[in-house]
Amino acid sequence: EIYKCAFYHCSGLTSITIPGSVTSIGDSAFGGCSGLTSVTIPDSVPSISDSAFSGCENLQYHEYDNALYLGNDNNPYVALIQAKSQDITNCTISDKCKVVGYTAFYLCTRLTSVTIGNGVTSIGADAFYDCSKLTSITIPDSVTSIGNSAFSYCSGLTSVTIGNGVTSIGYSAFYYCSGLTSITIPDSVTSIGERAFYNC
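Every value quoted in this text rests on a predicted model; they were computed, and no experiment measured them.

Enquirer: Describe the overall build of the protein chain, and please don't skip the residues or the numbers.
Expert: Scanning the protein chain from terminus to terminus reveals zero helices and 15 strands. For a compact globule of 200 residues, the expected C-alpha radius of gyration is about 16 Å, and the protein chain comes in at 16 Å, within 12% of that figure. Each of the three principal axes of the protein chain carries a C-alpha extent, and together these read 50 × 35 × 30 Å. Out of the 200 residues in the protein chain, the part that is buried amounts to 46%. If you take every contact in the protein chain between residues at least 6 apart in sequence, the share linking residues at least 24 apart comes to 26%.

Shown next as structure tokens:
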């Protein structure tokens, strides 16, 4: 485990290699590491916590179809960290992607279409917060968790299909999705957080 704020504002850090044994990266673990240019993340990473790399303005990403990723030499697309721009209108997430990170598409209010790759296992908190022009979303069977407020204020959503691998839906996950008329929840789901469908 890498604890919350473990390397917070270590501005002298320039590169980091995270080994496959790490199962948890805490909130803001590398936040404010302004000198950081290179991060190697193993395929086994289960999730990227809140603001893990916030303020790392010199970090070099791998780009694929309107999104920026971190990964390793064999798979540069392990973790989708952020959209290329908040002005993007569409995105196909790489099938090699394992994690859609915290606030990945936050306030991408022009985003009308997104395809989630079949390798994604977790969708982070606030990942699609206020993507108000999205009309439908299909979450593939590979996904096991939908983070807190992941689709909050996606008021244009009318239908959501959740894959058969999802076990948990976070609190406020679909909060204020006021246009939602249809959602399919599979038998695999064992927990649904508070206010998950508030004001739908």
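Enquirer: A description of unusual backbone geometry should follow, citing residues and the corresponding values.
Expert: Not every positive phi belongs to a glycine, and Leu 107 is a case in point at roughly 60°. Assignment of secondary structure puts Leu 107 in the loop between β7 (99-100) and β8 (113-115). You can call Leu 107 partly exposed: its relative accessible area is 30%. Phi at Asn 199 takes a positive value of approximately 60°, unusual for a residue other than glycine. Tracing the sequence through the fold places Asn 199 in the segment after β15 (191-192).

Enquirer: So what's going on with the pairing of strand β5 (residues 79-83)? Which residues, and what values?
Expert: Of all five residues in β5, four are buried; the element is thus mostly enclosed. Two elements, β5 and β7, share two bridges in a ladder whose sense is parallel. Residue pairing in the sheet places Leu 80 in a bridge with Val 100 of β7.

Enquirer: Before we move on, could you go through the packing of aromatic side chains and cite the residues and values that matter?
Expert: Applying the stated criterion across every chain, the model contains 16 aromatic pairs. Ring geometry for Tyr 175 against Tyr 176: centres 5.0 Å apart, planes inclined by 55°, an arrangement best described as tilted. Relative to Tyr 198, the ring of Tyr 175 lies with its centre 5.2 Å away and its plane at 15°, an arrangement referred to as stacked. Here Tyr 175 is found in the loop between β13 (168-169) and β14 (182-184), whereas its partner Tyr 198 is found in the segment after β15, with 23 residues between them in sequence. One aromatic cluster in this structure is built from Tyr 106, Tyr 129, Tyr 153, Tyr 175, Tyr 176 and Tyr 198.

Enquirer: So what's going on with the layout of surface pockets? Residues and values would help.
Expert: Taken as a whole, the largest pocket encloses approximately 260 Å³ of empty space. Taken together, 19 residues form the lining of the largest pocket, with Ile 81, Gln 82, Tyr 102, Thr 103 and Ala 104 sitting closest to its centre. Its residues placed into classes, the lining of the largest pocket shows eleven nonpolar, eight polar and no charged. There is about 170 Å³ of room inside the second largest pocket. Taken together, 16 residues line the second largest pocket, and the ones lying closest to its centre are Ile 123, Gly 124, Ala 125, Ser 145 and Gly 147. At the level of secondary structure, the elements contributing two or more residues to the lining of the second largest pocket comprise β7, β9 (122-123) and β11 (145-146). Across the lining of the second largest pocket, the residue classes tally to seven nonpolar, eight polar and one charged.

Rules used in this analysis
- Residues numbered from 1 in each chain as written.
- Predicted model: local features only at pLDDT ≥ 70, side-chain atom pairs only at ≥ 80, totals over all residues.
- Heavy atoms only, no water.
- Helix = DSSP H or I, 4+ residues; strand = E, 2+ residues; numbered from the N terminus.
- Rg over C-alpha atoms; globule rule 2.2 N^0.38 Å.
- Buried < 20%, exposed > 50% of the residue type's maximum accessible area, 1.4 Å probe, protein only.
- Contact = heavy atoms within 4.5 Å.
- Pairing = 2+ DSSP bridges.
- Phe/Tyr/Trp six-rings, centres within 6.5 Å; stacked < 30°, edge-to-face > 60°.
- 1 Å grid on protein atoms, 1.4 Å probe; cavity = no way out; pocket = protein on both sides within 12 Å on 5 of 7 lines; lining within 4 Å.
- Points joined across faces, edges and corners; volume = space filled by probe spheres on them.
- Nonpolar A, V, L, I, M, F, W, Y, C, P; charged D, E, K, R; others polar.

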